[in-house]
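Geometric and topological summary
So the chains spell out like this:
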There are 2 protein chains.
Amino acid sequence: MTERIREFLRNRREDGPCLVVDLDVVRDNYLDFARALPDTRVFYAVKANPSPEVLKLLAGLGSCFDTASVAEIEMAMAAGATPDRISFGNTIKKERDIARAFALGVRLYAVDCADEVEKVARAAPGAKVFCRILCDGAGAEWPLSRKFGCEPSLAVDVLEHAHRLGLEAYGVSFHVGSQQGNTEAWDQALGSAAGIFRECAERGINLSMVNLGGGFPTRYLRDVPTVEAYGSSIFQALCRHFGNAIPETIIEPGRGMVGNAGIIEAEVVLISKKSASDEVRWVYLDIGKFGGLAETMDEAIRYPIRTPRDGDAVEPCVLAGPTCDSADVLYEKVPYPLPVSLSIGDKVLIEGTGAYTTTYSAVAFNGFPPLKAYHI
Amino acid sequence: MTERIREFLRNRREDGPCLVVDLDVVRDNYLDFARALPDTRVFYAVKANPSPEVLKLLAGLGSCFDTASVAEIEMAMAAGATPDRISFGNTIKKERDIARAFALGVRLYAVDCADEVEKVARAAPGAKVFCRILCDGAGAEWPLSRKFGCEPSLAVDVLEHAHRLGLEAYGVSFHVGSQQGNTEAWDQALGSAAGIFRECAERGINLSMVNLGGGFPTRYLRDVPTVEAYGSSIFQALCRHFGNAIPETIIEPGRGMVGNAGIIEAEVVLISKKSASDEVRWVYLDIGKFGGLAETMDEAIRYPIRTPRDGDAVEPCVLAGPTCDSADVLYEKVPYPLPVSLSIGDKVLIEGTGAYTTTYSAVAFNGFPPLKAYHI
């Protein structure tokens, strides 16, 4: 919670839940990344929070952008980024979208299989491609599925295929898992990347770049290591695996760039018990899984929640959203401790919500409007 | 798939996934419900598909409406429903929203605890309230959580509280679980309801109504019982528990009213393997969990998928959406059999998607627009 957000909320008169993002915190986060990894280019993961204010601030600071769609490419360009600072980082692209990105000037594309390479070769001739590899995600609070990337053994073939089709086989990418708490998590994947560099070199292909991905955490209920700690650990791993031939590197922070910059203010709509002897109270907010808190899916992300009654005695509560959907429950497997004195109508503050909230929210589920957002 | 939808898709020129709903099927479904339960009023669950065309059709046929928010009440009224045909069926309501509904003329409210009763008593004096009770949901493909309703033992107190505060203690509601395949599932809950009627009568309160809720299934991969079978089983259970004093009843079909009326057309964006020896192919569509298929959460709903290669040999595939989100995977725990010949660029048809798709879709996640919909 920053003084600027506190001031904004004090003066807000509109009804309904809202997200407030303090752009000063985003600026500080960007500068932390730039300092911690001075030889690495920062590609902000636009999907985390694509608000024009965030994009404009980062473009002005010199950030590059990792994008998931043509719409995100257009947003980054509208914010002032030139196309040479944009990566089309989604491994799943329609060929006509690759062509649109190419027409906009984008020359850097992610791939993870031969068919995607062929699309890029046809629609973006001569472009640079990097191949995403699978990574086990150990240590991450939200290990990724196997959706993106191929086994390292296949990556060499994919990159060679790109090379033969006239593309620039540019490098390797991986993702160590979202909200990665282990600063050493990059080591193993960098070992795989170095192996791919060697095998490609044996086939006459010189790779240039390692995309270190995202995974940098934001603080929820537990402390997380500093960005400096990640930077130093990654640099050591680079030296270990690449010796004196350290490649060009990029990072793609999303959550780590904007997560801690935002706070959602919500309202307690109802508090009830299911029976007279029930030991757990149900607390219903005016925001839930479909209103922006989708990352509570499987109770994956546990947000810090501040109430006006903090300091009073607490008891375990099931926390749920306002919709007529029985799946719209935030925390139940592990109930959330909230003040016994918490009352209907109280405003609560959900911290660490600057990333992956606004754009996840449903268009109009149950007639509720999408999450409002203010970037100040 | 109806001929009208087939014809519409043949002539469609726009890009991107879309839902097409055949209103003739919705009409048939309404008439089936009205015939199967001739003494029961139908309150369509607006949240399932709040499109103006669906609401207008149903209002014209004489349907009533179960609503989750003031916005849904306004949509039902805009479609021609008078407020006496509208129930504010969400048990979680802000007091100012109850007041807005009351000002619009709505007189029927759901409650499940004393605090909600007090809000209704203050904001909608004299209105009718029904108390939702918990129900175990056995037999449902998607049993509901304990989010809505109280234990039957508490319901009598809740209704008495309403009575004392000048509200009309009108009845009891329950929900047997979504996609309920067992036509007998209403029996146990009706037994509980009858018990509440008796206990209230002993306290001098005469309840009038049982809200039988939703749960009526739509056909996905498996056949489901006919609406007639549900109607006859429910009528028998009413006779069993209420004898010759059968109360007024209402039902709230949502999925059962619109599910089978809609089909989503999507496109295969990519097909890949994670390694040369991988036995499962990954098939990526241009629609996923955040684009309207949220009910694939935990692989709960398994939609029938038609491809232009049906009849060819099939193999198990992991099916995933187009976003850069590793949770955007539709079917992986139980891979989906799809034709080996399926190719990038093929259009597929996802059946049974008329309910709980459009309004679930995210506003702009990864820059992808919300699901387009056509009601024909």
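Residues numbered from 1 in each chain as written. Chains lettered and ligands numbered in written order. Predicted model: local features only at pLDDT ≥ 70, side-chain atom pairs only at ≥ 80, totals over all residues. Heavy atoms only, no water.

**Comments concerning the pairing of strand β3 (residues 64–67) of chain B**
Residue and element names in this part refer to chain B. The alternating pattern of β3 places Cys64 and Asp66 on one face and Phe65 and Thr67 on the opposite face, and all of these are buried. In this sheet, β3 lies alongside strand β2 (residues 40–45) in parallel orientation, the contact comprising 3 bridges. Residue Ala45 lies in a different strand from β3, and its bridge partner there is Asp66. You can see the chain leave β2, run along helix α3 (residues 52–61) and come back into β3, and the turn it takes is right-handed. Both β3 and strand β4 (residues 86–88) contribute to a ladder of 3 bridges, which runs parallel. Across the sheet, residue Thr67 finds its bridge partner in β4, namely Phe88. Between the parallel pair β3 and β4, the chain is carried across by helix α4 (residues 70–78), and the sense of this crossover is right-handed. (Buried < 20%, exposed > 50% of the residue type's maximum accessible area, 1.4 Å probe, protein only. Helix = DSSP H or I, 4+ residues; strand = E, 2+ residues; numbered from the N terminus. Pairing = 2+ DSSP bridges. Right-handed = clockwise from strand over helix to strand, strands pointing away.)

**Quick notes on unusual backbone geometry**
Of note, the phi angle at A:Asp298 is positive, near 55°, even though the residue is not glycine. Mapped onto the elements of the fold, A:Asp298 is located in the loop between β13 (281–285) and β14 (305–306). One non-glycine residue, B:Asn366, lies in positive phi territory at about 65°. Structurally, B:Asn366 is set in the loop between β17 (347–351) and β18 (372–375).

**Concerning the pattern of salt bridges**
For the structure on display, the rule yields 60 salt bridges over all chains. With its nearest N and O atoms 3.9 Å apart, the salt bridge here joins A:Glu248 to A:Arg41. Linking A:Glu248 in strand β11 (residues 248–251) with A:Arg41 in strand β2 (residues 40–45), this pair joins segments that are 207 residues apart in sequence. The class for A:Glu248 is partly exposed, based on a relative accessible area of 34%. Under the relative-accessibility criterion, A:Arg41 is labelled partly exposed at 36%. Two residues, B:Arg203 and B:Asp157, come together in a salt bridge whose shortest N-O distance is 2.9 Å. In this pair, B:Arg203 is assigned in the loop between α8 (186–202) and β10 (209–211) and B:Asp157 in helix α7 (residues 152–164), connecting sequence segments 46 residues apart. (Salt bridge = Lys/Arg side-chain N within 4 Å of Asp/Glu carboxyl O.)

**Quick word on the domain arrangement of chain A**
All names here are of chain A. Each domain of chain A was delimited in the assignment, giving domain 1 (89–253) and domain 2 (260–375). Placing a centre on the C-alpha atoms of domain 1 and another on those of domain 2 gives a separation of 36 Å. In this assembly, 5 residues from domain 1 lie in contact with 11 residues from domain 2. Summed over both partners, the interface of domain 1 with domain 2 comes to about 800 Å²; 67% of that surface belongs to carbon and sulfur atoms. Counting the contacts that link domain 1 with domain 2 gives 0 salt bridges. Run the count over domain 1 and domain 2 and you get 1 residue pair in polar contact (both at pLDDT 80 or more). (Domains from an automatic or database assignment. Contact = heavy atoms within 4.5 Å. Buried area = accessible area lost by both parts, 1.4 Å probe. Polar contact = N/O pair within 3.5 Å; in protein donor to acceptor, adjacent residues only side chain to side chain.)

**Considering the packing of helix α2 (residues 23–36) of chain B against helix α9 (residues 227–242) of chain B**
All names here are of chain B. Two elements in contact, α2 and α9, have axes separated by 8 Å at closest approach and are oriented at 25°. Regarding the angle of α2 to α9, the classification is roughly parallel. Considering only the axes of α2 and α9, their crossing is right-handed. Only Val227, Glu228 and Gly231 of α9 make contact with α2, whose side of the interface consists of Asp32, Phe33 and Ala36. For the contact of α2 with α9, the residue count by class is 3 nonpolar, 1 polar and 2 charged. (Axes fitted to C-alpha atoms, helices over the stretch in contact; angles between N-to-C directions. Parallel < 35°, antiparallel > 145°, perpendicular 65-115°, else oblique. Left-handed = near helix turned anticlockwise from the far one by under 90°. Nonpolar A, V, L, I, M, F, W, Y, C, P; charged D, E, K, R; others polar.)

**Describing the packing of aromatic side chains**
Each pair of aromatic rings is reported with the distance of its centres and the angle of its planes. Summed over the entire model, instances satisfying the criterion amount to 28 aromatic pairs over all chains. Ring geometry for A:Trp186 and A:Tyr230: centres 5.6 Å apart, planes at 75°, overall edge-to-face. Separated by 44 residues along the polypeptide, A:Trp186 in helix α8 (residues 186–202) and A:Tyr230 in helix α9 (residues 227–242) bring together distant segments of the chain. Accessibility assignment for this pair places A:Trp186 and A:Tyr230 in one class, buried. Both rings, one in B:Phe216 and one in B:Tyr230, keep their centres 5.8 Å apart while their planes meet at 80°; by these two values the pair is edge-to-face. Pair noted here: B:Phe216 is in the loop between β10 and α9 and B:Tyr230 is in helix α9, with a separation of 14 residues, a long-range link. Taken together through their ring pairs, the aromatic side chains of A:Phe33, A:Trp186, A:Phe216 and A:Tyr230 make up a single cluster. When the ring centre of A:Phe88 is taken as reference, the NZ or CZ atom of A:Lys93 above it lies at 5.7 Å. (Phe/Tyr/Trp six-rings, centres within 6.5 Å; stacked < 30°, edge-to-face > 60°. Lys NZ or Arg CZ within 6 Å of the ring centre and 35° of its normal.)

**Some remarks on helix α5 (residues 95–103) of chain B**
It helps to recall that an α-helix has 3.6 residues per turn; residues three or four apart then point in one direction. Residue and element names in this part refer to chain B. Of the positions making up α5, those classed as buried are Asp97, Ile98, Ala101 and Phe102. Axial view of α5: buried residues confined to an arc of 140°, hence all on one face. For α5, the secondary structure elements touched by its buried residues are α4, β4, β5 (108–111) and α6 (114–123). At the exit of α5 stands Gly105, carrying a positive phi of roughly 105°. (Arc of directions from axis to C-beta.)

**Let's talk about the interface of chain A and chain B**
Between chain A and chain B, the contact holds 71 residues from the first and 71 residues from the second. Summed over the three residues of chain A that lose the most area to chain B, namely A:Lys147, A:Lys274 and A:Cys324, the buried surface amounts to 13% of that side. Summed over the shared surface of chain A and chain B, the number is 12 salt bridges. Its salt-bridge partner being B:Arg96, residue A:Glu267 comes within 2.7 Å of it at the nearest N-O pair. Taken together, the connections running from chain A to chain B amount to 38 residue pairs in polar contact (both at pLDDT 80 or more). Going through the elements one at a time, α4 (70–78), α6 (114–123), β12 (262–272) and β13 of chain A are the ones with two or more residues in the side of chain A that touches chain B.

**A short note on the environment of A:Lys347**
Residue and element names in this part refer to chain A. Mapped onto the fold, Lys347 is located in strand β17 (residues 347–351). Judged by its relative accessible area of 40%, Lys347 is partly exposed. Separated by 81 residues in sequence, Lys347 and Ala266 place their C-alpha atoms 5.6 Å apart. Lys347 has contacts with Glu265, Ala266, Glu267, Thr307 and Pro308, leaving out every residue within four places of it along the chain.

**A look at the UniProt feature "modified residue: N6-(pyridoxal phosphate)lysine" (unreviewed entry) in chain A**
Feature annotation in UniProt assigns "modified residue: N6-(pyridoxal phosphate)lysine" (unreviewed entry) to the following positions: A:Lys47. Its place among the elements puts A:Lys47 in the loop between β2 and α3 (52–61). A:Lys47 gets classed as buried once you look at its relative accessible area, which sits at 13%. In contact with A:Lys47, other than residues within four places in its own chain, are A:Asp66, A:Glu72, A:Tyr356, A:Thr359, B:Cys324, B:Phe365 and B:Asn366. (UniProt positions renumbered as here; feature names shortened; annotations may be inferred.)

**Describing the relation of the copies chain A and chain B**
Superposition record for chain A on chain B: RMSD 0.0 Å, screw rotation 180°, translation along axis 0.0 Å. The two molecules are tied by a two-fold rotation axis, judged by turn and shift. No C-alpha of chain A lies nearer the rotation axis than that of A:Ala362, which sits 2.1 Å from it. (Least-squares fit on C-alpha atoms with pLDDT ≥ 70 in both.)

**Digging into α4(A)**
Residues and elements named next belong to chain A. Among the residues of α4, Val70, Glu72, Ile73 and Ala76 are the ones counted as buried. Buried residues in α4, looked at end-on, bunch into an arc of 160°, giving them a common side. Those residues of α4 that are buried are in contact with α3, β3 (64–67), β4 (86–88) and α5 (95–103). Downstream of α4 by a residue or two, Gly80 has a phi angle that is positive, lying close to 115°.

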